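Residues per chain, in single letters:
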Amino acid sequence: MEDTPGTEAIADSGGVTAGESRGVYEAIFREMSDAVFLIDVARSDHDYTFTYLRNNTSHQRRTGLSEDELRGQTPRELLGDEQGTVVAENYRQCVDKRRTIEYEEELDLPGGTSHWQTKLTPIIDAGDVTQIVGVARDITEQKEQERKLKRIHRRFETVMETMSAAVFLKDADGQYLVMNQACRELFDVEGQDIVGLTDDDLFPSDTARQARTDDQWVVENGEMIEIEETIPTTAGHTVRLTRKSPVYDEDGEVVALCGVSTDITERKEREQELQMVRERFERFAGNVRDGFFLLPTDYSETEYVNPAVERIYGITPEEAYDDPTAWLRHVHPDDKDELLADMEAQRDGTIQWPVEQEFRIEHPDRGRRWVRAHLDVVPDENGDPTWITGISTDITERKEREKELQRQNSRLNEFASVVSHDLRNPLNVAQARATILQQQAADELQEHLAPLLNSLERMESIIEDTLTLARQGETVGDMSSISLVDLVGKCWAGVETAEATLEIDEEFTIHGDRDRLRHVFENLFRNAVEHGGEGLTVRVGRAGEDCLYVEDDGPGIPTDDRDAVFEPGYTSATGGTGFGLTIVKRIAEAHGWDVTITDGRDGGARFVFDAVGLNDSNA
């Protein structure tokens, strides 16, 4: 603030006249950038009367008060009782102290509300203060800026204190200046004065030494660094991601550093767990014979392949990483177009997942191979497919077995045809002729014809069972819901049962091929009658939710023979073919049923069929 001249004439030591001094004074008074005003001081009894005399151009412009409006007014007349009383008290202090005083004040003036920094200087004449020169500087904008800065500072402090990250400020020598609440909790210094503390006061020596090295690098290079560090705390070690940034002064010098430290302990633990899972998966994938791969739906890159791709596709993992479609080079030409069409459908999203593919590979080392690929997708959080996962299996041996099975089936069909036509027709002729001979032959020939007819009948049974095994044993046809009472009743009626009795525990339905199941029940009933003797009882019922049983009260089957009876050709009955129970087992397995033999409730044999899937008859 500029010094203000008094009202007395300025002494002239250089020959300047009093009039010239007044002119200089007036020019200075008028042109000063600070607002200047002059107050007359009159003493009356024990009080003072302050009257405004004049103000300069700057004061007039800033207050909106002309010199004529100001002159002759007292503070209370000009500013009102409340403001005038306060202003007059400041003037009184200047007079009483008989020296310059400074203060800040906020005034409502015609020019608006303004904040002022005011300096009052007494003018003493003959030992009495007769006038006061006031110099005021408008600091309204400065005060508004300070208020804004305070609001920003309060907001900043609020943000800092509510942050979960630890925030701190150090000077260039490594002494802490500021810590937020999260940082105080982390370092266990709540309630302490942290100003002046260093890392040596907070951490073990090795941790503190590394922190000083990091701080020094930031200060010397003036650049931010980001580090992962392990901080020991009272609750154990915590892994932190810490960013340290330089703080500059107005001259561009680094005078401090600011740090923001985030707890990444859980993230690091998850990363370690994921890494461990990935390593385990890679060890597993590296030891399996199937090929694994992971890539985006646009086939733009290969995220992962296992070593088995080389054995299956004839390409190395490196080739697969360089080119996600390298495996197509070895696909058989007749299969490639279909695979390319599938890939295009995968890209444009028109394919239905999952995808099953079978195709041929012209392997450079192993020749022609068959591959089965199972593809599926990994969706993103919106359910849209983002990654394709694939498992590729070499099915060459399976394909070869299928071809061999087709050849065997073809030969079996040829055999069945021969048996059915080329053997059965002559057999039927032989049976018919033998029957005629038995009816017409003399008594001495009868003893030879009876065994002949029995042998021919046995041959017919063997042919019938052989055809059943060849054509029906391991396959099923049309499946339907079948009433057990109806099926079992017809099967019982189709078997020579002598004096045997059939009991059905309850009515329910089964799901299966009626023609195939007829062979099951007929063979079981025939087997029971052949081995059971007179007065035999056969029972059929359910044993649990999905189990069906057929049992008799005959002599039963020894435990040691229960597996053997299902083998082709095994029989303990005179004249048996040994195929009946084999047919039972194979037809049951073709339906997906398990069949076992146990003891019946009355000591006979009990055949139990599991996984049948039974329903009540009225369901």
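Residues numbered from 1 in each chain as written. Predicted model: local features only at pLDDT ≥ 70, side-chain atom pairs only at ≥ 80, totals over all residues. Heavy atoms only, no water.

### A look at the pattern of salt bridges
Any two side chains of opposite charge can pair, so long as their charged atoms come close to each other.
Okay, step 1: Evaluation of the coordinates by the stated rule reveals 48 salt bridges.
Okay, step 2: Across the pair Asp68 and Arg71 runs a salt bridge, and its minimum N-O distance is 3.2 Å.
Okay, step 3: Ionic pairing is found between Asp335 and Arg360, a salt bridge with its closest N-O pair at 3.0 Å. You can see Asp335 sitting in helix 13 (residues 333-348) and its partner Arg360 sitting in strand 13 (residues 355-363), a full 25 residues away along the chain. With respect to burial, Asp335 and Arg360 carry one shared label: buried.
Okay, step 4: Within this structure, Glu503, Asp505, Arg539, Glu551, Arg601, Asp602 and Arg606 form a network of salt bridges that share partners. (Salt bridge = Lys/Arg side-chain N within 4 Å of Asp/Glu carboxyl O. Helix = DSSP H or I, 4+ residues; strand = E, 2+ residues; numbered from the N terminus. Buried < 20%, exposed > 50% of the residue type's maximum accessible area, 1.4 Å probe, protein only.)

### Considering the sheet that holds strand 9 (residues 236-248)
By way of backbone hydrogen bonds, the strands of a sheet pair with one another, either parallel or antiparallel.
Okay, step 1: Read across the open sheet, the five strands follow the order 7-6-10-9-8; overall the sheet is antiparallel. Bordering the open sheet on either side are strand 7 (176-179) and strand 8 (225-233), each of which pairs with just one other strand. Neighbour-to-neighbour, the strand axes of the sheet open up by a mean angle of 30°, direction not taken into account.
Okay, step 2: In terms of strand pairing, strand 8 meets strand 9 through nine bridges, oriented antiparallel. Across the sheet, residue Pro232 finds its bridge partner in strand 9, namely His237.
Okay, step 3: Strand contacts of helix 10 (residues 265-286): strand 8, strand 9 and strand 10 (254-263), with the helix running at about 120° to strand 9, the strand carrying the most contacts. (Pairing = 2+ DSSP bridges. Axes fitted to C-alpha atoms, helices over the stretch in contact; angles between N-to-C directions. Contact = heavy atoms within 4.5 Å.)

### Re the pairing of strand 6 (residues 166-171)
Residues in a regular strand project their side chains so that they alternate between the two faces of the sheet.
Okay, step 1: Of all six residues in strand 6, five are buried, a share of seventy percent or more.
Okay, step 2: Here strand 6 pairs with strand 7 via three bridges, running antiparallel. Each bridged residue has a counterpart across the sheet, and for Leu169 the counterpart in strand 7 is Val178.
Okay, step 3: Linking two consecutive strands that pair antiparallel, namely strand 6 and strand 7, is a turn of four residues; a positive phi of about 90° is found at Gly174 within it.

### Examining the packing of helix 16 (residues 484-493) against helix 17 (residues 514-532)
Okay, step 1: It is at 9 Å that the axes of helix 16 and helix 17 come closest, and there the two elements cross at 55°. Our classification of the angle between helix 16 and helix 17 gives oblique. Of the two elements, helix 16 crosses helix 17, and the hand of that crossing is right-handed. Contacts from Leu484, Asp486, Leu487, Val488, Cys491 and Trp492 in helix 16 reach Arg514, Leu517, Arg518, Phe521, Glu522 and Phe525 in helix 17.
Okay, step 2: Tallied by class, residues from the contact of helix 16 with helix 17 come to eight nonpolar, no polar and four charged. (Parallel < 35°, antiparallel > 145°, perpendicular 65-115°, else oblique. Left-handed = near helix turned anticlockwise from the far one by under 90°. Nonpolar A, V, L, I, M, F, W, Y, C, P; charged D, E, K, R; others polar.)

### Regarding the side chain of Ser261
Okay, step 1: Examined against the element boundaries, Ser261 turns out to sit in strand 10.
Okay, step 2: Overall, Ser261 belongs to the buried group, its relative accessible area being 5%.
Okay, step 3: Here the side chain of Ser261 touches Thr242 through a polar contact of 3.0 Å, side chain to side chain.
Okay, step 4: Apart from residues lying up to four places away in sequence, Ser261 is in contact with Ala165, Ala166, Arg240, Leu241 and Thr242. (Polar contact = N/O pair within 3.5 Å; in protein donor to acceptor, adjacent residues only side chain to side chain.)

### Here we look at the confidence of the model for the protein chain
Okay, step 1: Confidence in the prediction of the protein chain, expressed as mean pLDDT, is 85, and 89% of residues score 70 or more.
Okay, step 2: Long-range and interchain partners of residues 2-14, a stretch whose pLDDT sits below 50, account for 22 contacts in this model, where long-range means more than four residues apart. (pLDDT = per-residue confidence, 0-100.)

### Some thoughts on the packing of aromatic side chains
Aromatic ring pairs: the centre-centre distance and the angle between the two ring planes describe each pair.
Okay, step 1: This structure, assessed with the given rule, holds 15 aromatic pairs.
Okay, step 2: Seen in terms of ring centroids, Tyr313 and Phe359 are 6.5 Å apart; in terms of plane orientation they differ by 20°. Their pairing is stacked. In this pair, Tyr313 is assigned in helix 11 (residues 308-313) and Phe359 in strand 13, connecting sequence segments 46 residues apart. As far as burial versus exposure is concerned, Tyr313 and Phe359 are alike and both buried.
Okay, step 3: On the basis of an interplanar angle of 40° and a centroid distance of 6.0 Å, the ring pair of Trp327 and Phe359 is categorised as tilted. (Phe/Tyr/Trp six-rings, centres within 6.5 Å; stacked < 30°, edge-to-face > 60°.)

### Quick notes on unusual backbone geometry
Okay, step 1: Put simply, Trp353 and Pro354 share a cis peptide bond, and its omega is -5°.
Okay, step 2: Look at Ala126: it is not a glycine, yet its phi comes out positive at around 60°.
Okay, step 3: Mapped onto the fold, Ala126 is located in the loop between strand 4 (112-125) and strand 5 (128-138).
Okay, step 4: The exposure class assigned to Ala126 is exposed, which follows from its relative accessible area of 76%.

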